[in-house]
Amino acid sequence: MTKKAFITGITGQDGSYLSELLLEQGYEVHGAVRRARSLERSRLAHLYADPAIYNQRLFLHYADLDDPTTLRRVLTKVQPRELYHLAGQSHVGLSFEIPETTCEFTAMGTLRLLEILRDLPESPRFFHATSSEIFGRPTQNPQTETTPMAPINPYGCAKAFATQMVRVYRESHGLFAVNGILYNHESPRRGENFVTRKICHAAAAIKLNQQKELVLGDTSALRDWGHARDYVRGMWMALNHETPDDYILATGKLHTVQQVIENAFATVALDWREYVRFNSHFLRPAEPLHLVGDASKAKTALGWTPRTSFQELIQEMTEAELDHLSQTNS
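Along each chain, numbering runs from 1 in the same order as the chain's sequence is written. Two thresholds apply to this predicted model, a pLDDT of at least 70 for residue-level local features and 80 or more for giving and counting side-chain atom pairs, whereas whole-chain, interface and lining totals are computed over all residues. Side-chain metrics in this entry use all non-hydrogen atoms of the structure; hydrogen atoms and water are not considered.

Draft legend 1. A look at the overall build of the chain. Counting from the N terminus, the helices are the DSSP runs of H or I reaching at least four residues and the strands are the DSSP runs of E reaching at least two. Counting secondary structure elements, the chain contains 11 helices and 13 strands. Atoms counted for the radius of gyration: C-alpha only. Globule rule: 2.2 Å times residue count to the power 0.38. Relative to the compact-globule value of 20 Å for 330 residues, the chain shows a C-alpha radius of gyration of 20 Å, a close match. Overall, the C-alpha framework of the chain stretches about 60 × 50 × 40 Å when taken along its three principal axes. Pairs at least 24 apart in sequence give 79% of the contacts found in the chain among residues at least 6 apart. For the chain, the exposed surface amounts to about 14,900 Å²; the carbon and sulfur share of it is 48%. Contact between two residues is taken to exist if any of their heavy atoms lie within 4.5 Å; hydrogens are not considered. Here the accessible surface of atoms and residues is derived via Shrake-Rupley with a 1.4 Å probe, and residues count as covered only by protein chains that are part of the display.

Here is the structure:
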């Protein structure tokens, strides 16, 4: 019997890579899309343009996290075996500007889903994509699954609430519910408002004489960066383990924004010093410190390890920008 999976946030970076992975594994994939979403511009364009896949093995349903009636109806109809919850307002900087919206979708949206699953005749296995931002400014480095939560921004607070609720529903209601504590993961499909994509795009645009300079905030900020393709593989492995648990997915290596700059500009054979400028406008009100993950539990229990290095990631992203900009302006 064909396995069915349902993905919230299917049109996002992680949702698109996860869709590809599940289709490769023989799944029938269903996803929730917002009515305002333009499918023509989504990361799924190559899939729904394929008549052998779209509406044959990949199905999209209009539903949203603030509309539990529609979500319940769709999930009751589809009856998925696995549910991957990836949707939410995931931009940390933006969460300071729209804290209520962030909490509504990221925190309460997760709780609504858990309540729906609790009432279904056969609850699917549930994966919740949480974030290293739940740790904020940790006293322990690297962080493990037992590191205390101490979020310092609205996004981290919303994710901390959702993470705890997943644990509550697993322990109190018996749901097969998994928290994947994801550290920063990027790809050519990352949104343009994220600093890695902004840098890679700028390096390519400057190389093609389509942009003159790149303006950034604090380039000394440290992050544990991996490739989204590796992290969705970890999601699938966690949800197909025999028992539900929480897992950190991370590389365990810290890199600075400055290193992103240097690698991106090196990819296009340019000296970054000639093009990068600093502007305090791009500084965040509160910056997390030393968020670096210990993924040894995922390695031991699941056999998961990241396959793409930081250098390979930034090179891939920059080359993808070069290809896209060259085609757009040819």
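Draft legend 2. Structural view of the pattern of salt bridges. By definition, a salt bridge exists where a carboxyl oxygen of Asp or Glu is found within 4 Å of a side-chain nitrogen of Lys or Arg. Using the criterion set out here, one finds 16 salt bridges in the structure. A salt bridge links Glu-20 to Arg-189; the shortest N-O distance between them is 2.8 Å. Within this pair, whereas Glu-20 is found in helix α1 (residues 13-24), its partner Arg-189 is found in the loop between β7 (185-186) and α7 (195-207), the two being separated by 169 residues in sequence. Residue Glu-213 pairs with Arg-277 through a salt bridge whose shortest N-O separation is 3.5 Å. Of this pair, Glu-213 sits in the loop between α7 and β8 (214-216) while Arg-277 sits in strand β13 (residues 276-278); the two residues are 64 residues apart in sequence, bridging distant segments of the chain. Partly exposed describes any residue whose relative accessible area lies between the buried limit of under 20% and the exposed limit of over 50%, with all areas from a 1.4 Å probe on protein chains only and scaled to the type maximum. On the accessibility criterion, Arg-277 (37% relative accessible area) is partly exposed. One network of salt bridges, in which partners are shared, links Arg-167, Arg-170 and Asp-246.

Draft legend 3. Region of the structure containing the pairing of strand β4 (residues 82-85). Burial of β4 is two-sided: the residues Glu-82 and Tyr-84 facing one way and the residues Leu-83 and His-85 facing the other way are all buried. Sheet topology note: the β4/strand β5 (residues 125-131) ladder contains four bridges and is parallel. Bridged to Glu-82 within β5 is Arg-125. One bridge is not enough; two strands pair if DSSP finds at least two bridges between them.

Draft legend 4. Representation of the nonpolar core in the model. Core analysis: the biggest nonpolar cluster contains 45 residues, and Tyr-84 and Phe-127 have the highest contact counts within it. Of the residues forming this core, the biggest block, seven residues, is contributed by helix α8 (residues 228-239). Not counting chain neighbours up to four residues away, the residues in contact with Phe-127 comprise Leu-83, Tyr-84, His-85, Leu-86, Val-178, Gly-180, Met-235, Ala-238 and Leu-239. Grouped together as the second largest cluster of nonpolar side chains are 25 residues, Ala-205, Ile-206, Ile-261 and Phe-265 included. The set of buried Ala, Val, Leu, Ile, Met, Phe, Trp, Tyr and Cys residues whose side-chain atoms join them within 4.5 Å is what this entry labels a nonpolar core.

Draft legend 5. Local environment of the packing of aromatic side chains. For this analysis, a ring pair means two rings from Phe, Tyr or Trp (six-membered ring only for Trp) whose centres lie within 6.5 Å, classed as stacked if their planes differ by under 30 degrees, edge-to-face if by over 60, and tilted for the remaining angles. For the structure shown, the criterion picks out five aromatic pairs. By definition, being over a ring means that NZ of Lys or CZ of Arg is both within 6 Å of the ring centre and within 35 degrees of the ring normal. Here the guanidinium or amino end of Arg-189 rests over the ring plane of Tyr-17, the centre of that ring lying 4.0 Å away. We note Arg-190 situated over the ring of Phe-194; from NZ or CZ to the ring centre the distance is 3.9 Å.

Draft legend 6. View of the pairing of β5. Extensive coverage of β5 is indicated by the burial of six of its seven residues. Note: β5 against strand β6 (residues 177-182), six bridges, orientation parallel. Within β6, the residue paired with His-128 across the bridge is Asn-179. Note that the unit made of β5, helix α6 (residues 154-173) and β6 has a crossover that is right-handed. Seen with its strands pointing away from the viewer, a crossover is right-handed if its path from the first strand over the helix to the second goes clockwise.

Draft legend 7. Highlighting helix α3 (residues 68-78). Buried within α3 we find Thr-70, Leu-71, Val-74, Leu-75 and Val-78. Buried residues of α3, viewed axially, fall in a sector of 125°; they line one side. The exposed residues of α3 that point more than 90 degrees off its buried face are Arg-73 and Lys-77. Taken from the residues just after α3, Gln-79 is the one with a positive phi, measuring 55°. Note: the arc covers the axis-to-C-beta directions of the helix.

Draft legend 8. Structural context of the side chain of Thr-144. Among the secondary structure elements, Thr-144 is positioned in the loop between β5 and α6. Not counting chain neighbours up to four residues away, the residues in contact with Thr-144 comprise Phe-135, Ile-248 and Asp-294.

Draft legend 9. Just the environment of Asn-153, in detail. Mapping Asn-153 onto the fold places it in the loop between β5 and α6. When its relative accessible area of 2% is taken as the criterion, Asn-153 is described as buried. Between the C-alpha atom of Asn-153 and that of Pro-99, which follows or precedes it by 54 residues, the distance is 8.9 Å. Within the local environment of Asn-153, its side chain forms a polar contact with the backbone nitrogen of Gly-156, the two atoms lying 2.6 Å apart. Definition of a polar contact: a pair of N or O atoms within 3.5 Å, with one able to donate and the other able to accept a hydrogen when the atoms are protein atoms, and with sequence-neighbouring residues admitted only if both atoms are side-chain atoms.

Draft legend 10. Up close: the packing of α1 against α8. Fitting a line to C-alpha atoms yields each axis, with helices limited to the stretch in contact; the angle taken between N-to-C directions then spans 0 to 180 degrees. Running from amino to carboxyl end, α1 crosses α8 at an angle of 60°, the nearest separation of the two axes being 9 Å. Relative to α8, α1 is oriented oblique. Our pair here, α1 against α8, has a crossing hand that is right-handed. Each of Gln-13, Asp-14, Tyr-17, Leu-18, Leu-21 and Leu-22 in α1 lies in contact with α8, whose residues at this interface are Ala-228, Arg-229, Val-232, Arg-233, Met-235 and Trp-236. Note on residue classes: Ala, Val, Leu, Ile, Met, Phe, Trp, Tyr, Cys and Pro are nonpolar, Asp, Glu, Lys and Arg are charged, and everything else, Gly too, is polar. Grouping the amino acids of the contact of α1 with α8 by side-chain chemistry returns eight nonpolar, one polar and three charged. Any angle between 65 and 115 degrees counts as roughly perpendicular, while under 35 counts as roughly parallel, over 145 as roughly antiparallel, and the rest as oblique. Note on convention: near helix rotated counterclockwise from far helix by under a right angle means a left-handed crossing. Clockwise means right-handed.

Draft legend 11. Highlighting the environment of Asn-279. The topology assignment puts Asn-279 in the loop between β13 and α10 (296-302). Residues Asn-279 and Asn-209, spaced 70 residues apart in sequence, show a C-alpha to C-alpha distance of 22 Å. Every residue in contact with Asn-279, bar those within four places of it in the chain, is listed here: Val-215, Leu-216 and Gly-217.

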